[in-house]
Amino acid sequence: MAVITTNDLKNGMTLNLDDGLFNVVEFQHVKPGKGGAFVRTTLKNVRTGSVVDRTFRAGEKVERANIDRRSMQYLYSDGNDYVFMDSETYEQLQVGADVLGDAVHYLVENNSVILGMFGSEIVGTDLPAAVELEVTQTEPGVQGDRVSGATKAATCQTGLLVQVPLFLNPGERIKVDTRTGAYISRV
């Protein structure tokens, strides 16, 4: 583990503190008129997702966590587990749905995902900005309901519920933003 000072903090950096692993969301160096300088930070717990504000003295030493980012290919789901294959070593890894969180709604077989690993523990998933999903179920558009921007609910192949335009039917493929879960376009 690399030891750094709080003067070297950057957004997105992962710290291994006594309370657990934290990503630096925001930081600010403050030098008041009286007293010593300090660093005010907003940290997000990697495991729980909770956000905390924490203040460090300027120059205080903290431990930086080395997160190994591995490119993995999603193969298939096996019950409540998801099976990934390392793109370099071809080793397979089973990951529980609780570890992946909301990312399970955007996993399509044979797509690539970057898994952030701290030792052997998965601490994050980086998905592509958008994925293509097939609409499996949706109500038909009502004749005469032509209000501009009207939407209806649609269920995708992964179980994700998305608001889509009225003209979409089951079996069509759509592009969905993985950051917001919103419909982008028809494919």
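Scroll up a little and you will see the structure.
Residues numbered from 1 in each chain as written. Predicted model: local features only at pLDDT ≥ 70, side-chain atom pairs only at ≥ 80, totals over all residues. Heavy atoms only, no water.

1. Some remarks on the pattern of salt bridges
Here is step 1 of the chain: Taken as a whole, this structure holds seven salt bridges when the rule is applied.
Here is step 2 of the chain: In this structure, the salt-bridge partner of Glu121 is Arg47, at a minimum N-O distance of 2.8 Å. Of this pair, Glu121 sits in strand S11 (residues 121-126) while Arg47 sits in the loop between strand S4 (38-45) and strand S5 (51-57), and the two are 74 residues apart along the sequence.
Here is step 3 of the chain: The class of Arg47 is partly exposed, set by a relative accessible area of 44%.
Here is step 4 of the chain: The partner of Glu172 in a salt bridge is Arg186, and the shortest N-O contact between them spans 2.8 Å. Placement of the pair is Glu172 in the loop between strand S14 (161-165) and strand S15 (173-177) and Arg186 in strand S16 (residues 183-186), with a sequence separation of 14 residues.
Here is step 5 of the chain: Given the relative accessible area of 18%, Glu172 is considered buried.
Here is step 6 of the chain: We classify Arg186 as partly exposed; its relative accessible area is 43%. (Salt bridge = Lys/Arg side-chain N within 4 Å of Asp/Glu carboxyl O. Helix = DSSP H or I, 4+ residues; strand = E, 2+ residues; numbered from the N terminus. Buried < 20%, exposed > 50% of the residue type's maximum accessible area, 1.4 Å probe, protein only.)

2. A look at the pairing of S5
A regular strand carries its side chains on alternate faces of the sheet.
Here is step 1 of the chain: Where S4 and S5 come together, seven bridges link them in antiparallel fashion. Considered in S5, the bridge of Leu43 is made with Val52. (Pairing = 2+ DSSP bridges.)

3. What to know about the packing of aromatic side chains
Here is step 1 of the chain: Here the structure, examined in full by the defined rule, presents two aromatic pairs.
Here is step 2 of the chain: Ring centres of Tyr74 and Phe84 lie 5.6 Å apart, and the angle between their planes is 55°; on these two criteria the pair is classed as tilted. One end of the pair, Tyr74, is in strand S7 (residues 68-78); the other, Phe84, is in strand S8 (residues 81-86), and 10 residues separate them in sequence. For the residue pair Tyr74 and Phe84, the accessibility class agrees, reading buried in each case.
Here is step 3 of the chain: An aromatic cluster is present here, built from Tyr74, Tyr82 and Phe84 joined pairwise through their rings. (Phe/Tyr/Trp six-rings, centres within 6.5 Å; stacked < 30°, edge-to-face > 60°.)

4. Quick notes on the layout of surface pockets
Here is step 1 of the chain: What the largest pocket holds in volume is close to 850 Å³.
Here is step 2 of the chain: Contributing to the lining of the largest pocket are 32 residues, with Lys44, Val46, Val123, Gly124 and Thr125 lying nearest its centre.
Here is step 3 of the chain: Residue assignment for the lining of the largest pocket shows that the elements contributing at least two residues are S4, helix H1 (97-100) and S11.
Here is step 4 of the chain: For the lining of the largest pocket, the element with the highest residue contribution is S11, accounting for six residues.
Here is step 5 of the chain: Split into classes, the residues belonging to the lining of the largest pocket amount to 12 nonpolar, 11 polar and nine charged. (1 Å grid on protein atoms, 1.4 Å probe; cavity = no way out; pocket = protein on both sides within 12 Å on 5 of 7 lines; lining within 4 Å. Points joined across faces, edges and corners; volume = space filled by probe spheres on them. Nonpolar A, V, L, I, M, F, W, Y, C, P; charged D, E, K, R; others polar.)

5. Topic: the sheet that holds S11
Here is step 1 of the chain: Reading across from one edge, S9-S8-S7-S10-S11 is the order of the five strands in this open sheet, with antiparallel pairing throughout. Among the strands making up the open sheet, the edge pair consists of strand S9 (92-96) and S11. Taken pair by pair, the neighbouring strands of this sheet meet at an average axis angle of 45°, ignoring direction.
Here is step 2 of the chain: In terms of strand pairing, S7 meets S8 through six bridges, oriented antiparallel. Each residue of the ladder has a partner; that of Ser77, found in S8, is Tyr82. (Axes fitted to C-alpha atoms, helices over the stretch in contact; angles between N-to-C directions.)

6. Looking at the nonpolar core
Here is step 1 of the chain: In this structure, Tyr82, Phe84, Leu100, Leu107 and Leu115 are the most contacted members of the largest nonpolar core, which totals 14 residues.
Here is step 2 of the chain: Of all the secondary-structure elements, those providing two or more residues to this core are S7, S8, H1 and strand S10 (112-118).
Here is step 3 of the chain: It is S10 that provides the largest number of residues to this core, a total of three residues.
Here is step 4 of the chain: With residues near it in sequence (within four places) discarded, Leu100 still touches Tyr82, Phe84, Val95, Leu107, Leu115 and Thr125. (Core = buried A, V, L, I, M, F, W, Y, C linked by side-chain atoms within 4.5 Å. Contact = heavy atoms within 4.5 Å.)

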